[in-house]
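Coordinates in review
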Amino acid sequence: MAYIVDHIIILVYNRPKNIFKIMNNSNIHHYITTPIYYINDLPHIGHAYTSVICDVYARFQRMTGCKVFFVTGTDEHGQKIAKSALNKEMPIAQYVDIFAKEFLKLADGLKCSYDDFIRTTEKRHEIVVCDIWNRLLSRGHIYLDKYAGFYSVRDEAFYGEDEIVDGLAPTGSAVEWVEEESYFFDLSKWQEPLMEFYEQNPNFIYPKSRFNEVKSFVKGGLRDLSISRKSVSWGIKVPDNNKHTIYVWIDALSNYLTTLKFPDESNELYRNFWNESDNALKIHVIGKDILRFHAVYWPAILMAAELPLPSKLIVHGWWMADGQKMSKSIGNVVNPFDVINQYGLDTFRCFMITAMKIGNDGNFTLRDVTKINNTVLADIIGNLLSRTMKLIGTYFDYRVPDGSNLSDQDIDILNHGYDLPNLLIEQFQEFDLNESLNLLIRFAHRLNQYFSLFEPWILVKKDLKAASNVLYTAIESIRILSIMLYPFIPDASLRMMSIFSMTDVDLRLSFVVDRKLIGKELLKPLNSVLFQKIDLHGLH
Ligand code: MSP
């Protein structure tokens, strides 16, 4: 990714201190996707997590001036969904409409800035799935045979006899024996090309440990993949043979091209975000349970269909509750709306990013959500804002204090702030969203310490000039934070920005250095506190 490297070199190293210029990034395209969620039940924290990660990334990259296309949606076909409709005694078409809305509600409730929401029951998607099928068929990669093996409806996955232990799939899911006519994809032929691709793209999968897992799986040999079901009717029919339904994972993975208006290859979306690989970063964010589908099946299908491959898989871990993966079938799920309603969206988003590093598993407790709310958002960020604004309101009538005589210490703090865009660009390259937000929190913490050290509430009474430098440094740093926090906690960031009459329209990282505050500008007071503290009592 030479262009990314150039971009970083120019931003990070080729600049005199504090003066950085964001290159014209408008020719760099980031395509970022969540998995499409099964609508077999209501959304939970696990789904919310993937969506929040993608949204933070999308918002940040837009602020660098890059073009972003961010997509999420719902996976609505297959036995798992058909069974859920049956259990709820609903006609399936009605069932999917109702449950897809819940996931749309989640995306909106999380303020996901998605550009498209795909449902696999849409006509536009069927066209793409059939097109990919026909591409594979016409290139000789699909043949008709008989499948005899196990199938897990919960995982929507085929398992060989050798994989079954004590009657269960390796995932612990129940399996059923299936013996029926089926179309197959010649996956076994793609072992070598896949290994070559992995070799040539050493950063294809993050974290590395997951990449190694994939490589050793592929090294062990691949079996051809059954890609149609005769006994399943809820799904897209095989072109020219409507006795067969296309395997739900072939259907689902194709969604990544539907939203780019494939098969119209001359279309700008497809061209810019998928086809012209030199300027397109194509990122699928997924949980570790669906790695094989994305790291093995999807690239092999694309190779066979003679289409470009994704650039990167970001593989996150699981939210656990009581030591087990949170999942509806275990019955230990937390409803994200309950947490958002109780704590507010920003606290929820901040918790999701700070509590778990991408790749690790994390335990979900309301006590930890409360702690983030109280100790980070209220005590560090909220407190910094309220104490600064209170003094500026009382002693400077909401005018930006004069900052023309800054001390070395003031300058040092501001330089730290002006450097944050560069530091975060580096962290986002590594997909370290957790460290990115921590860098901002540590900056705010440093400001609070600075505040306590210089005691501007005492200075205002005896040396207004000295107080003015301290308060200028604080309010200018708050302005920087208000911009930098936008991808993570957009609501609070917007409220902070409103003090400076800023909005998120065309918001750019470069504003951090391009729009410095000038003494005597007028600030707008906030009429309520940014974050309310929540009582920890009774939480565990
Ligand atoms: N429909 C498939 C994906 C098809 S993508 C072409 C699917 N859906 S899912 O709803 O079961 O899972 C969607 C995502 O949510 C997966 O990335 C999965 O890892 C994630 N999570 C589900 N439970 C989770 C946790 N408890 N914790 C974190 N994420 C987990 O798989």
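Computed from a predicted model, the values in this text were never measured in an experiment.

Let's talk about the overall build of the chain
Counting secondary structure elements, the chain contains 20 helices and 16 strands. Against the compact-globule benchmark of 24 Å for 540 residues, the chain has a radius of gyration of 26 Å, which places it among compact chains. Based on the C-alpha atoms only, the size of the chain along its principal axes is roughly 90 × 55 × 40 Å. Each of the 540 residues in the chain was classed as buried or not, and the buried ones make up 59%. A separation of at least 24 residues holds for 77% of the contacts in the chain among residues at least 6 apart in sequence. Of the roughly 22,400 Å² that the chain leaves accessible, carbon and sulfur atoms contribute 51%. Across the chain, 57 positive and 65 negative side-chain charges occur, with their mean positions spaced 5 Å apart.

Remarks on the pattern of salt bridges
Between side chains of opposite charge, pairing is possible as soon as their charged atoms come close. In this structure the tally under the stated criterion is 28 salt bridges. Across the pair D116 and R124 runs a salt bridge whose closest N-O atoms are separated by 2.9 Å. Under the relative-accessibility criterion, D116 is labelled buried at 16%. A residue is classified by how much of its surface remains accessible, and R124, at 28% relative accessible area, is partly exposed. E435 is paired through a salt bridge with R442; the nearest N and O atoms lie 2.6 Å apart. Accessibility expressed as a relative area gives 44% for R442, which makes it partly exposed.

What about the side chain of H141?
Structurally, H141 can be placed in the loop between α5 (123-138) and β4 (142-152). For H141, a relative accessible area of 14% translates into the label buried. Reaching out from H141, the side chain makes a polar contact with the side chain of D186 at a distance of 2.9 Å. Sequence-distant contacts of H141, defined by excluding residues within four places in its chain, comprise L136, F184, F185, D186, W190 and A304.

A word on the sheet that holds strand β2 (residues 67-75)
Strand-to-strand pairing in sheets goes through backbone hydrogen bonds, with the strands running parallel or antiparallel. Spatially, the six strands line up as an open sheet ordered β3-β2-β1-β12-β13-β7, and their pairing is parallel. Each of the sheet's edge strands pairs with one partner strand only, and the pair in question is β3 (116-119) and β7 (205-206). Bridge count between β2 and β3: four bridges; the pairing is parallel. Counted as the bridge partner of T74 is R119 from β3. Against the sheet, helix α10 (residues 268-275) makes contact with β1 (29-38), β2 and β12 (280-287), and its axis sits at roughly 75 degrees relative to β12, the strand it touches most.

Digging into the nonpolar core
If you look at the biggest cluster of nonpolar residues, it comprises 187 residues, and the most contacted ones within it are I32, Y198, Y247, L257, V296 and F431. The contact partners of L257, leaving out residues within four places of it in the chain, are V128, I132, F262, Y270, W274, W298, L302 and L307.

Re the sheet that holds strand β6 (residues 176-185)
With antiparallel pairing, the four strands of this open sheet are ordered in space as β5-β4-β6-β8. Each having just a single partner strand, β5 (157-159) and β8 (225-226) make up the two edges of the open sheet.

Thoughts on the packing of aromatic side chains
Applying the stated criterion to the full structure yields 33 aromatic pairs. Directly above the aromatic system of Y151 lies the positively charged group of R229, at a separation of 4.5 Å from the ring centroid. The side chain of K282 reaches across the aromatic face of W274, ending 4.8 Å from its centre.

Topic: the site of the ligand
Not every one of the 24 residues close to the ligand is listed here, only the nearest: I36, D75, G287, D289 and W319. Here an oxygen atom of the ligand sits 2.8 Å away from a polar atom, N or O, in the main chain of G287. The separation between an oxygen atom of the ligand and a polar side-chain atom of D289 is 2.5 Å. Breaking the shell around the ligand down by element, the ones donating at least two residues are β1, α2 (45-63), α8 (248-253), α9 (255-258) and β12. Tallied by class, residues from the shell around the ligand come to 13 nonpolar, eight polar and three charged.

Remarks on helix α7 (residues 208-219)
Spanning 12 residues, α7 covers 16 Å between terminal C-alpha atoms, matching the ideal 16 Å at 1.5 Å per step. Of the positions making up α7, those classed as buried are R210, F211, V214 and V218. The buried residues of α7 occupy an angular sector of 105 degrees when projected down its axis, which confines them to one face. On its buried side, α7 packs onto α6 (191-200), β7, α11 (291-304) and β13 (312-316). In the stretch just after α7, G221 is the one whose phi turns positive, near 100 degrees.

Conventions we followed
Residues numbered from 1 in each chain as written. Predicted model: local features only at pLDDT ≥ 70, side-chain atom pairs only at ≥ 80, totals over all residues. Heavy atoms only, no water. Helix = DSSP H or I, 4+ residues; strand = E, 2+ residues; numbered from the N terminus. Rg over C-alpha atoms; globule rule 2.2 N^0.38 Å. Buried < 20%, exposed > 50% of the residue type's maximum accessible area, 1.4 Å probe, protein only. Contact = heavy atoms within 4.5 Å. Areas by Shrake-Rupley, 256 points an atom, 1.4 Å probe, with all protein chains shown as cover. Lys, Arg positive; Asp, Glu negative; His and termini not counted. Charge placed at Lys NZ, Arg CZ, Asp CG, Glu CD. Salt bridge = Lys/Arg side-chain N within 4 Å of Asp/Glu carboxyl O. Polar contact = N/O pair within 3.5 Å; in protein donor to acceptor, adjacent residues only side chain to side chain. Pairing = 2+ DSSP bridges. Axes fitted to C-alpha atoms, helices over the stretch in contact; angles between N-to-C directions. Core = buried A, V, L, I, M, F, W, Y, C linked by side-chain atoms within 4.5 Å. Phe/Tyr/Trp six-rings, centres within 6.5 Å; stacked < 30°, edge-to-face > 60°. Lys NZ or Arg CZ within 6 Å of the ring centre and 35° of its normal. Near = heavy atom within 4 Å. Nonpolar A, V, L, I, M, F, W, Y, C, P; charged D, E, K, R; others polar. Expected span 1.5 Å × (residues − 1). Arc of directions from axis to C-beta.

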